[in-house]
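Analysis of the macromolecular model
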Amino acid sequence: MRFYDDVERGLTHKLSADRAYPAFLSKNPVSETWLVDWQAQVPYQLATLNDHLDKTDKRKPPKREITATGRNIALFDALRDIAYKQWRSYQKAGKSRDEFEVMLRTAGNGINLTFTPPLTHVEVKGIARSVAKWVWGEFSEERFSAIQSARGKKRWSKTTTLTATKPWEAEGISSRTWYRQNGTIAISG
């Protein structure tokens, strides 16, 4: 996806194309209405297109500027974060998936106002529905607990503990004696 984004950004820059073009509206090349001149014998590969671009073509836009594909991704990521945080409260309150989706759609419409130009209402609704459907259907208390547990273990995995270093062994005494001598309370578990 990053390679695709780089090539798309490079071609957009090189051709002075609209950076916010969502690629949904186009002429049908197989329609008899249009005269089409096929220049390529086979579809281009991303690597072939990339060969005609240099680093200046593919430079990233300023952070405040979002590309056409970037708006969808940015909205999806923002709604995903909101959904994970709000899922539990909606479950505990006995609310339905439809209510959850409406909340995400409302949040999505607000986020969409920050895009220039904004996504269509249909796109926002589709992204909100997709996020709501997945989070509501795949997430559970057990899965939430497992994720939180994994995060906690990862966060504390590099922390040195007395149990790991066992200073009492270096002194040749029991752990109970070491804790008593050092004024620390031993917690057995």
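Residues numbered from 1 in each chain as written. Predicted model: local features only at pLDDT ≥ 70, side-chain atom pairs only at ≥ 80, totals over all residues. Heavy atoms only, no water.

Topic: the packing of helix α4 (residues 97–112) against helix α5 (residues 121–138)
Rules: Note on geometry: axes are lines fitted to C-alpha atoms, helical ones only across the stretch in contact, with angles between N-to-C directions running from 0 to 180 degrees. Note on conventions: DSSP H or I runs of at least 4 residues are helices, E runs of at least 2 residues are strands, and numbering of each starts at the N terminus. Orientation labels follow simple angle bins: below 35 degrees gives roughly parallel, above 145 gives roughly antiparallel, 65 to 115 gives roughly perpendicular, and whatever is left gives oblique. In this scheme, a crossing is called left-handed if the near helix is turned counterclockwise away from the far one by less than a right angle; it is called right-handed if the turn is clockwise. Contacts are assigned to residue pairs with any non-hydrogen atoms lying within 4.5 Å of each other. Each residue gets one label: Ala, Val, Leu, Ile, Met, Phe, Trp, Tyr, Cys and Pro are nonpolar, Asp, Glu, Lys and Arg are charged, and the others, such as Gly, are polar.
It is the contact of α4 with α5, at a shortest axis distance of 8 Å, that shows an interaxial angle of 135 degrees. Relative to α5, the element α4 is oriented oblique. Between α4 and α5 lies a crossing whose hand is right-handed. The segment α4 lies against α5, with Arg97, Phe100, Glu101, Leu104, Arg105, Gly108, Asn109 and Asn112 engaging His121, Val124, Lys125, Ala128, Arg129, Val131, Ala132, Lys133, Val135 and Trp136. Residue classes in the contact of α4 with α5 are distributed as eight nonpolar, four polar and six charged.

Let's talk about the pattern of salt bridges
Put simply, the rule is: Should a side-chain nitrogen of Lys or Arg be within 4 Å of a carboxyl oxygen of Asp or Glu, the pair is scored as a salt bridge. Only protein chains enter the accessibility calculation, which uses a 1.4 Å probe. A residue is then buried if its area is under 20% of the maximum for its type, exposed if over 50%, and partly exposed in between.
Tallied over the entire structure, the rule returns seven salt bridges. Close ionic contact of Asp6 with Arg9 constitutes a salt bridge, the shortest N to O distance being 2.3 Å. Taken together, the residues Asp6 and Arg9, both in helix α1 (residues 2–14) and three residues apart, mark about one turn of the helix. Take Asp6: its relative accessible area is 25%, and that puts it in the partly exposed class. The class for Arg9 is buried, based on a relative accessible area of 13%. Within this structure, Arg97, Glu101, Arg105 and Arg129 form a network of salt bridges that share partners.

Comments concerning the confidence of the model for the protein
Cut-off, in case you're wondering: On a scale of 0 to 100, pLDDT captures the predictor's confidence in every residue.
Of the residues in the protein, 85% have a pLDDT of 70 or more, and the chain-wide mean is 82. Averaged pLDDT values for the elements of the protein fall to 71 in helix α7 (residues 162–165) and rise to 95 in α4.

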